[in-house]
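# Remarks on the overall topology
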Amino acid sequence: IQLINFWKSKSIYIHDSVMEKLNEYRLQFKRLMEKQIQIVCENDLIEPQHIDKQRKSLLDIDSKIKEIGKLLV
């Protein structure tokens, strides 16, 4: 009985240690993912504004070309 109780306590200790380690890894992974998402958001949110400016510029050029085309007809 003492041997069974010893192994029970050891298995509980091992289980708790493994779960604690897994929880630490989960928290580290969560922090890493949050950091990567923040980096992506900061970098990618700047680029669409730049692309939007280029798109508006191209639309402006297109509208001017259409105006010139109307004048030539």
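Here is a short report on the structure shown in this document. Quantities reported herein were computed from a predicted structural model and do not represent experimental measurements. (Residues numbered from 1 in each chain as written. Predicted model: local features only at pLDDT ≥ 70, side-chain atom pairs only at ≥ 80, totals over all residues. Heavy atoms only, no water.)

### Description of the overall build of the protein
The condition that has to hold: Helix and strand labels come from DSSP, where a helix needs a run of H or I of at least four residues and a strand needs a run of E of at least two; each type is numbered from the N terminus. Between the two quantities, the radius of gyration covers C-alpha atoms and the globule rule is 2.2 Å times the number of residues to the power 0.38. The classification of residues rests on relative accessible area computed with a 1.4 Å probe and restricted to protein chains. Under 20% of the type maximum is buried, over 50% is exposed, and intermediate values are partly exposed. Residue exposure ignores everything except the shown protein chains as possible cover, and the areas themselves are Shrake-Rupley values with a 1.4 Å probe. Asp and Glu count as negative and Lys and Arg as positive, but His and the ends of the chain are not part of the count. Just so you know, the charge point we use is NZ for Lys, CZ for Arg, CG for Asp and CD for Glu.
Regarding its fold elements, the protein presents one helix and zero strands. Computed over the C-alpha atoms, the radius of gyration of the protein is 31 Å, more than 25% above the 11 Å expected from 2.2 N^0.38 for a compact globule of 73 residues. By its C-alpha atoms, the protein is 105 × 20 × 5 Å across when sized along the principal axes. Within the protein, the fraction of its 73 residues that count as buried is 0%. Taken as a whole, the protein presents about 7,300 Å² of accessible surface, with 65% of it coming from carbon and sulfur. Charged side chains in the protein number 13 positive and 11 negative. The centres of these two groups are separated by 4 Å.

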